[in-house]
Amino acid sequence: MTDLTTDNAGPGPRNLTTEAVKNSLGRRNRKQLYLQGLGIAAITFALTMLFILIWSLVSTGHHAFTQTHVTLDVYVDPEEISEENLPRGGFSEVLLASMAQQFPDIDVSDRAEARKLSSILSDGAQFQLRDRVVSDPSLIGQTVSLTVPLSDPYDQLNKNLVRRDTPENRRRVDDAAIARFDQLADRGMISTPLNFTLLTAADSRFPELAGLRGALVGSFWALLTCFLISFPLGIGAAVYLEEFAPKSRVSDFIEININNLAAVPSVVFGLLALAVFIGWFGMPRSAPFVGGLTLALMTMPTIIIATRAALKAVPPSIREAALGVGASKHQVVFQHVLPLAMPGILTGTIIGLAQALGETAPLLLIGMNAFITSAPSGPFDSATALPTQIFIWADSPERGFVSRTSAAILVLLGFLIFMNAIAIFLRSKFERKW
Amino acid sequence: MNDMRITEQRVDTHEIKFSGRDVHVYYGETEAIKGIDVDIEDKTVTAFIGPSGCGKSTFLRCLNRMNDTIDICRVTGDITLDGEDIYDKRIDPVQLRAKVGMVFQKPNPFPKSIYDNVAYGPKIHGLAKNKADLDDIVERALRRGAIWEEVKDRLQEPGTGLSGGQQQRLCIARAVATEPEVLLMDEPCSALDPIATAQVEELIDELRSQYSVIIVTHSMQQAARVSQKTAFFHLGHLVEFGETSEIFTNPKDPRTESYITGRIG
């Protein structure tokens, strides 16, 4: 800046400033544009990735929201099914007989041929028929119209997930099977209604019968346990640390460790839970209650940190006002500061719980990835959770689980979005301006 | 209003309410108050004036032990209220603050209804026997805060919805609702417009009949208008303390003179 120090022959200092600003203005504006461009590029990239993720999930997952069914006229043969011994009746034979009616060219007395027919229907079909007859035994000897799911290969075929132009030896359904399916379709017996089984049934070996009920109920109990433990404990710890604890090396040490705890990989909490809850205390394996305890270990640091931030954000003027009229320390905290911090605390808690809902690793370690075909009736029953169910399905070889895995992920994402929406709603509703 | 008018002085003396002897206040290593001796009279408005950072607010906050909430703050020396040492171990700060009310620089109503703002103090101290009693206390406090007429029809509305001047008068009503004996005011008008300031000053003058009022102010005109006694603080020292009229017309210390004539501060 030598020109600033030259003799006063030139323009005055004010002109010099104007000149300097003018000279640097272009550079400064360019920098700003550059930064803006970078920001927009980053956001575009993030949105593209998000779109790709959702699109890939929806494009594979939407198949799982429908299920191919066939509507059959079934003669409930009194020779196979008797009222005295209903549960052990020959329901599969009855179904086979009605299928044989559709395909008279197939010799049902040959076991291999019979298998070809019975494999069209889902294994669950006979149980569906059984339930129907058990609830109404007068159906014995009559013909009922029954809509039952098709087995997975035929479901895939109906959804065009099995391509007919692939060579027969590389297809799961051979040409004869396709012909039989087309015959059924031509007779208008095939329908593809919404797949409520996905939400109402528990897990199954057969994709067409598998549902998320067990996982949803398991996740519910685990989250409830997690909330009931981590919320009061987290708030209690945060209030003590923030409002009452004397500032000392010990409290600093505790603070650092809580922050570290929030960053500990979740699988470590799983190992801890396995050793302590299951190993020492002998709690049941695969139980949502133990899962909730484990998740509480992870959620608590999050809640403590969120609560402390919310308590800090309450303006000191409110504390002074309360102290000024003679409120004691605990009255200040519990009657003024804590209520004002509640929206922030709730937001932090919900986000912590949403994190816990998606957590897989610790639940795997305590056995919540077991194969369980009924929904738990309480927090101490064996169960899976949503993320571990996704894990199980992703691991299963049947084709039908591919779309079901994506569908389960969509369900999980739906719950996460719902919980975060609640957090945003609470924040905007109770946000105060001082 | 003539800004430099000096309140009519009543030379009759009152009992001593607060009395400080060799008061020192430290924030960590820094000494904020460097030995103050002062006697504050009952039923008098005492103004603390002085340049920024001179320790007047710090001293004010010693009088109801508000400094206790600051971890690094340490107070030595004796401060007595009616002859009782307020830093004695047997005195609970809660008890003291019920006796010594405080109004802050920025109006700070609780984010609750107007009624609850005023009723809070009496409620926690158990001053009201029943609901009707509490209603009476609230009304009396709001009347004394000169805000009753403005809010009597909307007691259930939030106190934060009032204008700045109304909020400050609400805070004064809240402070007097617990029937304190002393009212500390830390620059109560600094966030208010001139009209609201005039209302609050008028109110202070009325409160004098029942309370000992101590007011910290940056405005010398305000000190001259509302106070009978004035204390001038400078760099942690109490430089001069006396009748307001004396301080403003005939200061004894050259620093006081420099300050009130606008040369320091």
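Above this text is the structure in question.
From a predicted model like this one, the values you see are computed outputs, not experimental measurements. (Residues numbered from 1 in each chain as written. Chains lettered and ligands numbered in written order. Predicted model: local features only at pLDDT ≥ 70, side-chain atom pairs only at ≥ 80, totals over all residues. Heavy atoms only, no water.)

Student: How should I be thinking about the overall build of chain B in this particular structure?
Tutor: Counting secondary structure elements, chain B contains 10 helices and 10 strands. Scaling as 2.2 N^0.38, a compact globule of 265 residues should have a C-alpha radius of gyration of about 18 Å, and chain B matches this with 18 Å. Counting only C-alpha atoms, chain B reaches 55 × 45 × 35 Å along its principal axes. Expressed as a percentage of the 265 residues in chain B, the buried residues total 55%. The long-range share in chain B, meaning contacts at least 24 apart out of those at least 6 apart in sequence, stands at 68%. Counting every atom, chain B has about 11,500 Å² of accessible surface; 48% of that belongs to carbon and sulfur. (Helix = DSSP H or I, 4+ residues; strand = E, 2+ residues; numbered from the N terminus. Rg over C-alpha atoms; globule rule 2.2 N^0.38 Å. Buried < 20%, exposed > 50% of the residue type's maximum accessible area, 1.4 Å probe, protein only. Contact = heavy atoms within 4.5 Å. Areas by Shrake-Rupley, 256 points an atom, 1.4 Å probe, with all protein chains shown as cover.)

Student: Mind showing me how you'd approach the sheet that holds strand S1 (residues 69-75) of chain A here?
Tutor: In a beta sheet, neighbouring strands are held together by backbone hydrogen bonds and run either parallel or antiparallel to one another. All names here are of chain A. Taken in spatial order, the three strands of this open sheet run S2-S1-S3, and their pairing is antiparallel. Taken across any chain shown, the strands that pair with only one partner, and hence form the sheet edges, are strand S2 (143-149) and strand S3 (190-191). Where S1 meets S2, seven bridges bridge the pair, whose relative direction is antiparallel. Residue pairing for S2: Asp 73 is matched across the bridge by Ser 145. Contacts from helix H3 (residues 91-102) reach S1 and S2, with the element oriented near 105° to S1. (Pairing = 2+ DSSP bridges. Axes fitted to C-alpha atoms, helices over the stretch in contact; angles between N-to-C directions.)

Student: How do you make sense of the layout of surface pockets when you look at a structure like this?
Tutor: A probe matching the size of a water molecule, rolled over the atoms, marks out where space remains unfilled. Reported here for the largest pocket is a volume of approximately 790 Å³. Along the walls of the largest pocket sit 26 residues, with A:Glu243, A:Arg319, A:Lys329, B:Thr69 and B:Asp71 positioned nearest its centre. At the level of secondary structure, the elements contributing two or more residues to the lining of the largest pocket comprise helix H9 (213-244), helix H13 (316-324) and helix H14 (329-357) of chain A together with helix H2 (93-99) of chain B. Residue classes in the lining of the largest pocket are distributed as 12 nonpolar, two polar and 12 charged. Those elements giving two or more residues to the lining of the second largest pocket turn out to be H3, helix H4 (111-118), helix H5 (124-135) and helix H6 (152-158) of chain A. If you tally residues by element for the lining of the second largest pocket, the top one is H3(A), at five residues. (1 Å grid on protein atoms, 1.4 Å probe; cavity = no way out; pocket = protein on both sides within 12 Å on 5 of 7 lines; lining within 4 Å. Points joined across faces, edges and corners; volume = space filled by probe spheres on them. Nonpolar A, V, L, I, M, F, W, Y, C, P; charged D, E, K, R; others polar.)

Student: Hey, could you run me through the environment of A:Val402 in this one?
Tutor: Positionally, A:Val402 belongs in helix H17 (residues 400-430). Taking the C-alpha atoms as reference points, A:Val402 and A:Gly61, 341 residues apart in sequence, are found 7.9 Å from one another.

Student: Please explain the interface of chain A and chain B as it appears in this structure.
Tutor: One frequently used descriptor of interface size is the decrease in accessible area upon assembly of the parts. Contacts between chain A and chain B engage 18 residues on the former and 22 residues on the latter. Summing the contributions of chain A and of chain B, the shared interface buries around 1,600 Å²; its carbon and sulfur component is 62%. Summed over the shared surface of chain A and chain B, the number is one salt bridge. The partner of B:Arg61 in a salt bridge is A:Glu320, with the nearest N and O atoms 2.9 Å apart. Mapped by element, the contributors of at least two residues to the side of chain A that touches chain B are H13 and H14 of chain A. (Buried area = accessible area lost by both parts, 1.4 Å probe. Salt bridge = Lys/Arg side-chain N within 4 Å of Asp/Glu carboxyl O.)

Student: Looking at this model, I keep getting lost on the packing of helix H12 (residues 288-313) of chain A against H14(A). Mind explaining?
Tutor: Helix packing geometry: the angle between the two helix axes and the distance between the axes. Residue and element names in this part refer to chain A. Interhelical geometry of H12 versus H14 gives an angle of 150° and a closest axis separation of 8 Å. Judged by the inter-axis angle, H12 sits roughly antiparallel to H14. When you trace H12 past H14, the crossing you get is right-handed. In this structure, H12 uses Leu 295, Thr 299, Thr 302, Ile 303, Ala 306, Thr 307, Ala 310 and Leu 311 to contact H14, whose residues at the interface are Val 337, Leu 338, Ala 341, Gly 344, Ile 345, Gly 348, Thr 349, Gly 352, Leu 353, Gln 355 and Ala 356. Along the lines of polarity and charge, the residues of the contact of H12 with H14 split into 11 nonpolar, eight polar and no charged. (Parallel < 35°, antiparallel > 145°, perpendicular 65-115°, else oblique. Left-handed = near helix turned anticlockwise from the far one by under 90°.)

Student: Would you explain H13(A) in this entry?
Tutor: Side chains of residues three or four places apart in an α-helix project in the same direction, reflecting 3.6 residues per turn. Counting buried residues along H13(A), seven of its nine residues qualify, which places the element largely inside the surrounding structure. All of the buried residues along H13(A) are A:Ser317, A:Ile318, A:Arg319, A:Ala321, A:Ala322, A:Leu323 and A:Gly324. Contacts made by the buried residues of H13(A) are with H9, H12 and H14 of chain A together with H2, strand S6 (100-103) and helix H6 (164-176) of chain B. Downstream of H13(A) by one or two residues, A:Gly326 has phi in the positive range, about 95°.

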